[in-house]
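Each chain, written out:
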Amino acid sequence: MGTTQGSPQSSPPNQHSGKSKASSKCGTALRLGKAVLTALAPGSTAQASETQVSAIYRIRRWFLAFLTVIIVVCLIVMGVSKARKEASSQASETATTSATARPSPRPSADRSVTAPPQAAQPQPVVLSAQDRDNILTQAQSTAAASGKEQHQFTYCIAGKGDVGDTTEFEQEVFRTLNDVHGWPRAGATFTQGSEGTCDMTVVLSQSQYMTTFSGGCSNMYSCRVGNQVIINKDRWDGGTEYWLGAGGNMARYKVMVINHEVGHRLGHLDNEQTCAGPGQPAPLMQEQSMGLLGCAPNEWPLDSELWVR
Ligand SMILES: [Zn+2]
């Protein structure tokens, strides 16, 4: 690429003009000097007296000395001029070379400098074994401190249909069920088990499969059928207009829907309690996805809902 950029044709066309001017000025001075010397030649003074010849020779000597000085000065000026030209030529060659060389090595360096920062895509926070131990220990302390009958549930996680990676879902279920604001206050704690050992299965299901669990389920909402707690993927991703319109956000919606549906598995019914008044926190078992009825969004069981059947 761009081989013409560094070729000799790119050199300034007036590169040698300074040297020509210096040599032509000196040449003119030398030609004048030679003419004067010829005019003062002894032959032209043949008819002159001895005194006149002596004077002419004196003038000739002085003029030769003067001419010598002119020649030395000319040589110095020409030498300096040439040195300057060479230095200038080298400098421009270096500049041209670096300008030509720049396009190839620079892009990779520029890319690394201007590359956007690592994409800030939210990654699910994967709980370590230690994190899980800490969360469960706190839940057990809360359950023990509740003074209520203790219930230790084991649950499984499953997906139905095209629901993608369930890592975030799995983390959220564990964290929510064992949160000290939630069912542990009713004496319940939850550990994740493997298939065949679980008291319940928490399923993340594509909405179109909701009715395959039961004709009583709707493709619009989440549902609980026996030991299956089924979270509707559309609601998991987008909540409902009622919840979001009342000031709830998606993070809180996910906590609410897990606690509400698992609440059914613990023995609770829909709308067993109603909204106590405008602005009051909605009961967890109120169908908040379908409307708040003047209550404030609430993802945790109220004191009056702290029981497990
Ligand atoms: Zn319900």
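Residues numbered from 1 in each chain as written. Predicted model: local features only at pLDDT ≥ 70, side-chain atom pairs only at ≥ 80, totals over all residues.

### Re the pairing of strand S5 (residues 228–232)
Within a regular strand, the side chains alternate between the two sheet faces.
Right, so step 1: Counting buried positions along S5 yields five of five residues, so the element is predominantly enclosed.
Right, so step 2: A two-sided burial pattern is seen for S5, the buried positions comprising Gln228, Ile230 and Asn232 on one face and Val229 and Ile231 on the other.
Right, so step 3: Here strand S3 (residues 200–205) pairs with S5 via five bridges, running parallel. Paired with Leu204 across the bridge in S5 is Ile231.
Right, so step 4: As defined by bridge partners, strand S4 (residues 223–225) adjoins S5 across three bridges and the pair is classed as antiparallel. Note that in S5 the partner of Val225 across the bridge is Gln228.
Right, so step 5: Counting the residues that bridge the hairpin from S4 to S5 gives two residues, and of these Gly226 lies at a positive phi of roughly 60°. (Buried ≥ 20, exposed ≤ 12 C-beta atoms within 10 Å, placed from the backbone. Helix = DSSP H or I, 4+ residues; strand = E, 2+ residues; numbered from the N terminus. Pairing = 2+ DSSP bridges.)

### Side note on helix H4 (residues 129–145)
Right, so step 1: The first and last C-alpha atoms of H4 sit 24 Å apart over 17 residues, in line with the 24 Å expected at 1.5 Å per residue.
Right, so step 2: Contacts made by the buried residues of H4 are with strand S2 (188–192).
Right, so step 3: At the C-terminal side of H4, Gly147 shows a positive phi close to 75°. (Expected span 1.5 Å × (residues − 1). Contact = placed C-beta atoms within 7 Å.)

### Details of the sheet that holds S2
Right, so step 1: Strands sit in the order S2-S1-S3-S5-S4 across an open sheet of five strands; the sheet is mixed. Each of the sheet's edge strands pairs with one partner strand only, and the pair in question is S2 and S4. Taken pair by pair, the neighbouring strands of this sheet meet at an average axis angle of 30°, ignoring direction.
Right, so step 2: Bridge count for strand S1 (residues 151–160) against S2 is five bridges, and the pairing is parallel. Opposite Phe153, over in S2, you have Phe190 as the bridge partner. (Axes fitted to C-alpha atoms, helices over the stretch in contact; angles between N-to-C directions.)

### Here we look at the pairing of S3
Right, so step 1: With five of six residues buried, S3 is to be regarded as a mostly interior element.
Right, so step 2: Where S1 lies against S3, six bridges are found, and the strand directions are parallel. Paired with Tyr155 across the two strands is Met200, which belongs to S3.

### A few points about helix H9 (residues 250–265)
Right, so step 1: With 16 residues, H9 extends 23 Å between its outermost C-alpha atoms, agreeing within 8% with the 22 Å of an ideal straight helix rising 1.5 Å per residue.
Right, so step 2: By the criterion of burial, H9 is predominantly enclosed, with 12 of the 16 residues buried.
Right, so step 3: Looking at H9, one finds that the buried residues are Tyr253, Lys254, Val255, Met256, Val257, Ile258, Asn259, His260, Glu261, Val262, Gly263 and Arg265.
Right, so step 4: After H9 finishes, the residue Gly267 shows a positive phi value of roughly 115°.

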